[in-house]
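# Commentary on secondary and tertiary structure
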Amino acid sequence: MGVVNITKNTTMICAPLMAQSVEQVLSNMYQAKAEGADVVEIRLDCINNFQPGKDLEIILTKKPLPVLIVYRPKWAGGLYEGDEHKRLEALHLAEDLGADYVDFELKVASNILGKQYSSHQSGTRFIVSCNLDCETPSEEDLGYLVSRMQATGADIIKLVFSVNDITEIARIFQLLSHCQVPIIAYSVGERGFVSQLLSPKFNGALVYGSLKGTPVSGLPTVESLRQTYKVGHINADTKVFGLISKPVGHSKGPILHNPTFRHVNYNGIYVPMFVDDLKKFFSTYSSPDFAGFSVGFPYKEAVMKFCDEVHPLAQAIAAVNTIIRRPSDGKLIGYNTDCEASITAIEDAIKERGYKNGTASFGSPLAGRMFVLAGAGGAGRALAFGAKSRGARVVIFDIDFERAKSLASDVMGAARPFEDILNFQPEKGAILANATPLGMHPNTDRVPVSEETLRDYQLVFDAVYTPRKTRLLKDAEAAGAIIVSGVEMFLRQAIGQFNLFTGKEAPKEFMREIVLAKF
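Residues numbered from 1 in each chain as written. Predicted model: local features only at pLDDT ≥ 70, side-chain atom pairs only at ≥ 80, totals over all residues. Heavy atoms only, no water.

This paragraph deals with the domain arrangement of the protein. In terms of domain boundaries, the protein breaks down into domain 1 (12-236), domain 2 (253-336 + 494-518) and domain 3 (360-484). Using only C-alpha atoms to locate each centre, domain 1 and domain 2 end up separated by 33 Å. Residue-level contacts link 22 residues of domain 1 with 20 residues of domain 2. In this assembly, domain 1 packs against domain 2 so that about 1700 Å² is buried in total across both faces, 63% of it on carbon and sulfur atoms. Taken together, the connections running from domain 1 to domain 2 amount to three salt bridges. Salt-bridge contacts for Asp289 lead to Lys201; the nearest nitrogen and oxygen are separated by 3.2 Å. The tally of links between domain 1 and domain 2 comes to seven residue pairs in polar contact (both at pLDDT 80 or more). Of all the elements in the fold, those that place two or more residues in the side of domain 1 that touches domain 2 are helix H6 (169-178), helix H7 (193-198) and helix H8 (222-228). Of all the elements, H7 adds the most residues to the side of domain 1 that touches domain 2, at four residues. A class-by-class count of the residues in the side of domain 1 that touches domain 2 yields 11 nonpolar, six polar and five charged. (Domains from an automatic or database assignment. Contact = heavy atoms within 4.5 Å. Buried area = accessible area lost by both parts, 1.4 Å probe. Salt bridge = Lys/Arg side-chain N within 4 Å of Asp/Glu carboxyl O. Polar contact = N/O pair within 3.5 Å; in protein donor to acceptor, adjacent residues only side chain to side chain. Helix = DSSP H or I, 4+ residues; strand = E, 2+ residues; numbered from the N terminus. Nonpolar A, V, L, I, M, F, W, Y, C, P; charged D, E, K, R; others polar.)

Mapping Arg369 onto the fold places it in the loop between helix H12 (338-352) and strand E15 (370-374). A distance of 2.6 Å separates a polar side-chain atom of Arg369 from the backbone oxygen of Pro365.

Looking at soluble globular proteins, one finds that nonpolar side chains tend to be buried together. Within the largest apolar cluster, 91 residues are counted, with the highest numbers of intra-cluster contacts made by Met29, Ile42 and Leu159. The residue makeup of this core includes at least three contributed by each of domain 1 (12-236) and domain 2 (253-336 + 494-518). Other than its neighbours up to four places away in sequence, Leu159 contacts Cys130, Leu132, Leu142, Leu145, Val146, Met149, Leu175, Ile183, Ile184, Ala185 and Tyr186. Listed in part, the 35 residues of the second largest apolar core include Leu373, Leu383, Val411 and Met489. (Core = buried A, V, L, I, M, F, W, Y, C linked by side-chain atoms within 4.5 Å. Buried < 20%, exposed > 50% of the residue type's maximum accessible area, 1.4 Å probe, protein only.)

Moving on, we come to the pattern of salt bridges. Close approach of charged atoms allows side chains of opposite charge to pair. A full pass over the atoms with the stated rule returns 30 salt bridges. Here Arg390 makes a salt bridge to Glu340, at a shortest N to O gap of 3.0 Å. Remark: Glu340 occurs in helix H12 and Arg390 occurs in the loop between helix H13 (378-389) and strand E16 (393-398); sequence separation between them is 50 residues. Judged by its relative accessible area of 37%, Glu340 is partly exposed. With a closest N to O distance of 2.8 Å, Asp410 and Arg381 form a salt bridge. Of this pair, Asp410 sits in helix H14 (residues 401-410) while Arg381 sits in helix H13, placing them 29 residues apart in sequence.

Turning next to the pairing of strand E7 (residues 183-187). On a regular strand, each side chain points to the face opposite its neighbour's, so the side chains alternate between the two faces of the sheet. Within E7, five of the five residues are buried, which leaves it mostly tucked inside the rest of the structure. Alternating residues of E7 divide into Ile183, Ala185 and Ser187 and Ile184 and Tyr186, and every residue in both groups is buried. Note: strand E6 (residues 156-161) against E7, five bridges, orientation parallel. Its bridge partner being in E7, Ile157 is matched across the sheet by Ile183. The β-α-β motif built from E6, the intervening H6 and the parallel element E7 has right-handed crossover chirality. (Pairing = 2+ DSSP bridges. Right-handed = clockwise from strand over helix to strand, strands pointing away.)

Before going further, it helps to spend a moment on the UniProt feature "domain: SDH C-terminal" (unreviewed entry) in the protein. As annotated by UniProt and renumbered to match this structure, "domain: SDH C-terminal" (unreviewed entry) occupies residues 486-516. Helix makes up 84% of residues 486-516 and strand makes up 0%, while its end C-alpha atoms are separated by 13 Å. (UniProt positions renumbered as here; feature names shortened; annotations may be inferred.)

On to helix H2 (residues 52-61), then. Within an α-helix, residues lying three or four positions from one another point in the same direction, as the helix has 3.6 residues per turn. For H2, the full list of buried residues reads Asp55, Leu56, Ile59 and Leu60. Down the axis, H2 shows its buried residues gathered within 115 degrees of arc, on one side only. Seen from the buried face of H2, the exposed residues on the opposite side, beyond 90 degrees, are Lys54 and Thr61. (Arc of directions from axis to C-beta.)

Quick look at the sheet that holds strand E8 (residues 206-208) now. A sheet is described by the order of its strands in space; here eight strands give the open sequence E7-E6-E5-E4-E3-E2-E1-E8, paired in parallel fashion. Each having just a single partner strand, E7 and E8 make up the two edges of the open sheet. Sheet twist, expressed as the average angle between the axes of neighbouring strands with direction ignored, equals 25 degrees. Against the sheet, helix H5 (residues 139-150) makes contact with strand E5 (125-131) and E6, and its axis sits at roughly 140 degrees relative to E6, the strand it touches most. Helix-sheet contacts for H6 involve E6 and E7, and the interaxial angle to E7 is about 175 degrees. (Axes fitted to C-alpha atoms, helices over the stretch in contact; angles between N-to-C directions.)

Bringing the packing of aromatic side chains into the picture now. All chains considered together, the criterion is met by 21 aromatic pairs. For the pair Tyr71 and Tyr80, a centre-to-centre distance of 4.8 Å together with 55 degrees between the ring planes defines the contact as tilted. Residues Tyr71 and Tyr80 agree in their burial class; the two are buried. The lysine or arginine in question, Lys107, covers the ring of Trp75, its NZ or CZ lying 4.5 Å from the ring centre. Geometry around Phe202 places Lys201 over its ring, the cationic atom sitting 5.8 Å from the centre. (Phe/Tyr/Trp six-rings, centres within 6.5 Å; stacked < 30°, edge-to-face > 60°. Lys NZ or Arg CZ within 6 Å of the ring centre and 35° of its normal.)

The positions that UniProt labels "domain: Shikimate dehydrogenase substrate binding N-terminal" (unreviewed entry) are, in the present scheme, residues 243-323. For residues 243-323, the helix share is 30%, the strand share is 25%, and the end-to-end C-alpha distance is 10 Å.

What holds strands together in a sheet is hydrogen bonding between their backbones, with the strands either parallel or antiparallel. Strand order in the open sheet made by the six strands is E10-E9-E11-E13-E14-E12, with mixed pairing throughout. Sheet topology places strand E10 (268-274) and strand E12 (309-310) at the edges, where each strand pairs with a single neighbour. The pairing of strand E13 (residues 322-325) with strand E14 (residues 332-335) spans four bridges and is antiparallel. Among the inter-strand pairings, Arg325 is bridged to a residue of E14, identified as Leu332.

Here you go:
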C-alpha cells in the first residue's frame with residue numbers, strides 16, 4: 001500500500017507579494033523564483049503611490065517568472081479606495097502589458113469579462129475570485145456559487161474561505177475534486193493551513209506559500225511546500241497522515257515524516273491538523289485517503305473512545321498517540337509509541353554515563369529509583385507506566401489533583417498537589433520527568449520546579465521538544481544533572497509510528513540524521 005512511481009502534478013506554487021514599492025516587488029519576485037515559486041501574486045493595492053502606466057510596465061517587463069495581478073478594493077478586503085473605473089482600467093492595462101493572470105472579483109467580473117473575451121487576443125488568463133468571510137456555505141449553495149463564477153467565462157475560479165473548524169475544509173476538497181474548470185480554493189488561518197497542503201491531492205490549480213522573512217499567517221512557506229511537503233509530487237493516490245492537536249503549529253513531525261516517506265518511496269504526506277472537535281473530525285475524515293494519525297496535546301486520552309480497537313499497552317496506559325486506519329475494514333486502531341520511546345531514552349542516557357543501580361533484578365537502571373513526574377495527561381501516563389514497568393517508584397504531580405491520584409493508583413505510586421513540586425526534595429539519584437507543556441514555545445521561560453531542587457536529581461527529562469534544549473534542561477545541566485531532551489523521545493516514538501503508518505521498517509539512521517540537522 002502506498003508505494004508507487006510518484007509523478008509530478010500540475011499544481012503551481014504561488015508567492016503572494018504585498019510590497020509597498022515597485023523596487024521591493026522586483027526584489028521579491030527574484031526571491032520567490034529562487035525559493036521555488038512557479039508564479040507570484042502581486043497586490044497592486046499595497047504599492048504606495050501606485051502609477052499604473054509606469055509601474056505595471058516596469059513590473060511586467062522585468063518579471064523573472066509568471067505574474068498574477070490583483071488590485072483588491074476595500075469592499076473586497078483590499079486597500080484600494082479610489083475610483084472603480086480607474087481600478088478596472090489598471091487591470092485591463094495589466095493584460096495589455098503581458099500579465100500572465102489577472103484577478104477580477106465576482107461582483108464585477110460578470111459585467112466585464114463577456115466584453116473582454118469578445119476581443120481577447122492576449123495570452124492572459126482571467127481569474128474570477130470570491131472571498132467568503134461568512135460561515136462555509138452548504139454543498140448546495142457552493143454549487144450555485146461556482147456555477148455563477150463559471151458563467152462569467154473565467155479561465156480559473158478562486159474561492160477563499162475562513163473556516164471555523166477543520167471539518168469544513170472537507171467541502172473545499174470536494175469542490176476541488178468535482179469542479180469542471182481549474183479552481184483555486186483554500187481557507188485562511190491556522191485551521192485552514194491543511195487546505196493549502198492537500199490541495200494538489202484534490203486537483204487544486206494553485207497553492208500559496210510565503211517567502212522567507214515575510215511570513216503570512218496561516219500559510220506555509222514556499223520553501224516548505226517545495227522541500228518538506230514536495231507538493232509537486234502529491235497526487236490522488238497519496239495517503240494522508242496527520243497530527244491531531246490543539247495547538248499544532250509547534251509540530252516538527254512534517255520535517256521528519258515527509259522526507260522519510262520519500263526515502264522509502266512511500267506515497268504519503270504528513271500534515272498538521274488543528275482539531276477542535278474529535279467526534280466531528282473522525283466522522284468527516286473517514287475515507288481510506290486519511291490513513292493514520294499522530295495524536296498530540298490535549299487529545300491522547302480523549303481520542304481512545306473514537307478507536308474501534310486499542311492495543312493492550314495503550315489500553316493499560318489509557319492514552320493513544322498513534323492511530324492507523326486498517327486497510328481491510330477501515331477500522332481505527334489505537335497504539336502508544338510514547339511509552340517505550342520515553343523510557344528507553346532515559347535508560348540509555350543513564351547507561352551511557354555508566355551509572356548503575358543496586359536493584360538489578362529488573363534489568364533497568366530505573367529499578368528502585370524515585371521517578372518524579374510532572375503532568376498526568378497522555379504523555380505523563382506513558383511515562384508513569386513505563387517507569388513502573390522498570391521497577392521505579394513513581395511520584396506524580398498534576399494541576400488536577402484528582403487526575404494525579406487516579407494515575408498514582410494505576411501505577412501503585414504516590415500523588416501530590418502540583419504546587420508542591422516547586423520545592424519538593426527528592427531522594428538521591430531520583431529522576432525528574434516533565435510531561436506538561438511548561439517551557440514550550442513561545443512560553444520558553446516557564447519551568448515546573450525551582451533551580452534549587454534540580455541539583456538533587458540525577459537525570460532530568462523534558463517531553464517538550466520546542467525548543468530542543470528547554471529552560472528546564474539548561475538549568476538542570478547547570479546543576480550537574482544528566483539531561484534528556486524531548487527530541488530523543490520524539491524521534492523514537494516517530495520511528496514506531498512510521499513502522500505502523502507504512503508497514504515498513506523505519507530507516508532509523510536516516511531519521512536520526514534529519515533530527516540532528518533540523519531540530
